[in-house]
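Notes for the structure review
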Amino acid sequence: MSDHQQPTPPTTDPADAEPVAPLAPDTGMAGLADALLKRPRGLIERFDRGDVSAIEWRLLGIALFGYVGYGVLVGSFSGGTQWWAGPLKVVAVGVGASAICLPSLYVFSALGMARVRLRHVVDLLLAQLALSSILLLGFLPVGWVFSQSTRSAAFMGMIHLGLGVIAMSFGLRLLFAGFQLFEMRRDGYVRLWVMIFLITSLQLTTALRPILGEAETVLPQEKKFFLQHWGESFVRDIED
Amino acid sequence: MALCIVKLFADMRSVQQTQWIDLCRATPHQVEAWVQMHGSIARSAAWIAFGAALYGLSMGVWRDPLLGVYVAIKLPLLMGSTALVTALINGLLAQILGLRFPIAASLSAVLASFALVALILAALAPLVLFITWCVPGVDATTRIGHDILGLAHVAALAFAGVVANVRLHQSLRAWAGKASRGILIAWLATNLFVGAQLSWNLRPFFGDPSQPVQFLRADAFEGNFYESVWSMFQGVIDPKERKRHERPPTTDTTDDRPGRR
């Protein structure tokens with residue numbers, strides 16, 4: 001990791017240059033969802049000013065609602081125990097990967113010279129989770145259409161993976177915007193963290209399998225790397 | 001000059017309230033104030049103890065939870081003893097090469113760098129524990145778990161080491177100008193030379209599945225790291241030498257739990 005990277009240039013978006021009033025601390029869930037989509041800077045300003053306890057719980061509520069909703073769609077593919085295991089595992093992937101990677105994000109953002117405290121990092125991660133989950137809810141009809149037209153778990157897995165990555169990338173974009181408002185000068189460390197976070201999330205989907213298909217046990221008996229698992233799933237699907 | 005003194009004084013005031021995370025984003029001026037401050041050695045040592053113990057625990061736990069506890073003790077010990085053993089020569093070399101710091105301040109600078117390594121490793125400890133959970137255990141028939149974890153540790157240690165040394169070089173450049181590169185190389189060379197030997201004395205850290213769990217190996221103070229490397233080199237180029245150095249299979253009967261051989 002080079003420390004000789006050029007400092008991140010200031011944003012040239014005129015909308016970003018204007019001062020933005022921080023979001024009110026008592027903003028409801030609908031207002032928060034609206035802010036995440038349209039006015040994320042006001043939300044980040046609120047993180048910086050403090051008095052965010054209520055907002056944190058509501059962001060967590062939005063994230064859980066979105067992940068559970070998407071998990072129901074994922075579980076409906078196989079039915080049976082997956083009706084409850086699917087939503088639980090989708091939540092575990094989203095929240096688990098964030099929890100595992102939280103300490104490294106805190107230290108990496110500090111190495112990038114961001115003026116953050118641990119609570120700021122928790123808040124930004126919650127905002128990232130909430131925005132990703134809102135987008136996943138938006139993808140529900142798309143995922144449902146595909147799930148009605150195939151019985152291939154490997155194919156559906158790829159569809160969910162694609163939708164998940166798109167949703168997560170918007171969440172991570174919000175995370176970067178947040179760190180830039182906290183004066184991060186070197187973004188290489190957080191970019192490296194994003195790679196670690198994505199690999200952790202993908203590995204969690206394998207560690208908690210089956211999330212989509214069927215198996216005799218709720219959790220796997222054999223430990224595998226996610227690329228190995230995907231490869232085997234595709235080969236099995238083609239042979240069937 | 002007066003401005004510099006005022007700035008250093010202001011930095012020292014801010015350093016007195018320094019928290020561990022501030023070490024990650026400290027400017028060279030703040031690091032200088034830090035290394036000159038009374039009590040900075042003790043504080044760096046405390047951070048090394050915390051960070052290295054956390055990472056040590058995650059490092060040893062794959063082989064056996066008991067080894068995790070052992071490594072949580074040994075890794076801070078390794079970092080602290082390396083800094084102490086090299087303190088005198090590092091301080092002298094720095095003065096010869098152009099850094100007008102007292103020896104205690106040089107030790108403080110090295111310890112601050114080690115503390116940064118330990119803090120980065122502590123932040124990566126949850127990831128290492130997650131990898132430990134995801135790979136096949138020590139009883140598995142393949143070595144893939146051992147090898148994946150080994151690579152993960154190499155990556156984590158290399159990353160933390162590179163970041164800390166880049167930061168140390170930035171500080172040295174502000175303090176000693178062109179002499180900074182020579183000082184960094186001298187410090188790196190002595191730390192690696194001594195650190196390699198001390199890590200050989202304090203092994204095992206990662207835990208070879210074919211060896212019993214021990215705090216120290218029975219031959220911890222027989223031979224040294226460089227002799228061991230030399231005999232490995234001889235073994236590669238001369239198969240007869242390899243046979244002569246090969247250790248007979250362990251006959252230790254104190255650890256007869258299944259899968260512990």
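For chain A, the helix and strand inventory stands at 9 helices and 0 strands. Here chain A holds 240 residues, and 49% of them are scored as buried. Across chain A, the fraction of contacts at a sequence separation of at least 24, relative to all contacts at a separation of at least 6, is 72%. Put simply, chain A shows about 11,500 Å² of open surface, and 65% of that area lies on carbon and sulfur atoms.

Turning our attention to the packing of aromatic side chains. By the definition in use, this model includes 13 aromatic pairs over all chains. Ring centres 6.2 Å apart and planes at 45° place the aromatic pair F130 of chain B and W133 of chain B in the tilted group. With F130 of chain B and W133 of chain B both in helix α5 (residues 103-134), this residue pair falls 3 residues apart, about one helical turn. For F130 of chain B, a relative accessible area of 8% puts it in the buried group. An aromatic cluster of three or more residues is present, and its members are F108 and Y189 of chain A together with F159 of chain B. Over the face of the ring belonging to F77 of chain A we find R151 of chain A, whose NZ or CZ atom lies 4.5 Å from the ring centre. Sitting above the plane of the F205 of chain B ring, K74 of chain B keeps its charged end 5.2 Å from the centroid.

Attention shifts here to the interface of chain B and chain A. Contact residues are listed per partner, giving 26 residues for chain B and 27 residues for chain A. Approximately 2,200 Å² of surface area, both sides summed, lies buried where chain B meets chain A, with 72% of it carried by carbon and sulfur atoms. Counting across the chain B and chain A interface gives 0 salt bridges. Our count for the contact surface shared by chain B and chain A stands at 4 residue pairs in polar contact (both at pLDDT 80 or more). Contributions of two or more residues to the side of chain B that touches chain A are made by α5 and α6 (144-176) of chain B.

Residue and element names in this part refer to chain A. Secondary-structure assignment places F179 in helix α7 (residues 153-181). We classify F179 as buried; its relative accessible area is 0%. Here the alpha-carbon distance between F179 and V190, two residues 11 residues apart in the chain, equals 9.0 Å. Beyond its immediate chain neighbours, meaning those up to four positions away, F179 contacts L105, S109, A114, V116, V121, L124, M184 and V190.

Bringing a nonpolar patch on the surface into the picture now. Residue and element names in this part refer to chain A. Taken together, the side chains of V142, W144, V145, F146 and F155 present a nonpolar region at the surface, about 450 Å² in accessible area. A per-element tally of the nonpolar patch places helix α6 (residues 118-148) first, with 4 residues. Within the secondary structure, F155 is located in helix α7. Classification of F155 as partly exposed rests on a relative accessible area of 37%.

Evaluated as defined, the whole model comprises 11 salt bridges over all chains. Linking D34 of chain A and R39 of chain A is a salt bridge whose minimum nitrogen-to-oxygen distance equals 3.2 Å. Residue class for R39 of chain A comes out partly exposed when judged on its relative accessible area of 42%. The residue D219 of chain B makes a salt bridge to R203 of chain B at a minimum N-O spacing of 3.0 Å. Of the two residues, D219 of chain B is situated in the loop between α7 (180-201) and α8 (225-237) and R203 of chain B in the loop between α7 and α8; the sequence distance between them amounts to 16 residues. Three or more residues are tied together by salt bridges with common partners; here these are D34, K38 and R39 of chain A.

Another point: the nonpolar core. Counting 132 residues, the largest nonpolar core has F179 and W193 of chain A as its most contacted members. For this core, the element with the most residues is α5 of chain B, which contributes 21 residues.

Turning our eyes to something else, we now look at the environment of A49 of chain B. Structurally, the position occupied by A49 of chain B is in helix α3 (residues 40-60). Each C-alpha atom, one on A49 of chain B and one on M79 of chain B, is 8.8 Å from the other, the two residues being 30 residues apart in sequence.

Another point: the confidence of the model for chain A. Should pLDDT be low for a region, the predicted coordinates there are not to be read in detail. Averaged over chain A, the pLDDT score is 88; the fraction of residues at 70 or greater is 92%. Below a pLDDT of 50 lies the segment residues 1-15 of chain A, which in the model reaches 22 contacts outside its immediate sequence neighbourhood of four places, other chains included.

The periodicity of an α-helix, 3.6 residues per turn, causes residues three or four positions apart to be oriented the same way. Residues and elements named next belong to chain A. Of all 10 residues that make up helix α3 (residues 40-49), 7 are buried, and the element is covered over most of its length. Turning to α3, its buried residues are R41, G42, L43, I44, E45, R46 and F47. The positive-phi residue at the C-terminal boundary of α3 is G50, with phi of around 90°.

Rules and cut-offs
- Residues numbered from 1 in each chain as written.
- Chains lettered and ligands numbered in written order.
- Predicted model: local features only at pLDDT ≥ 70, side-chain atom pairs only at ≥ 80, totals over all residues.
- Heavy atoms only, no water.
- Helix = DSSP H or I, 4+ residues; strand = E, 2+ residues; numbered from the N terminus.
- Buried < 20%, exposed > 50% of the residue type's maximum accessible area, 1.4 Å probe, protein only.
- Contact = heavy atoms within 4.5 Å.
- Areas by Shrake-Rupley, 256 points an atom, 1.4 Å probe, with all protein chains shown as cover.
- Phe/Tyr/Trp six-rings, centres within 6.5 Å; stacked < 30°, edge-to-face > 60°.
- Lys NZ or Arg CZ within 6 Å of the ring centre and 35° of its normal.
- Buried area = accessible area lost by both parts, 1.4 Å probe.
- Salt bridge = Lys/Arg side-chain N within 4 Å of Asp/Glu carboxyl O.
- Polar contact = N/O pair within 3.5 Å; in protein donor to acceptor, adjacent residues only side chain to side chain.
- Patch = residues over 30% accessible without salt bridge, like charges linked within 9 Å, V, L, I, M, F, W, Y side chains within 5 Å.
- Core = buried A, V, L, I, M, F, W, Y, C linked by side-chain atoms within 4.5 Å.
- pLDDT = per-residue confidence, 0-100.

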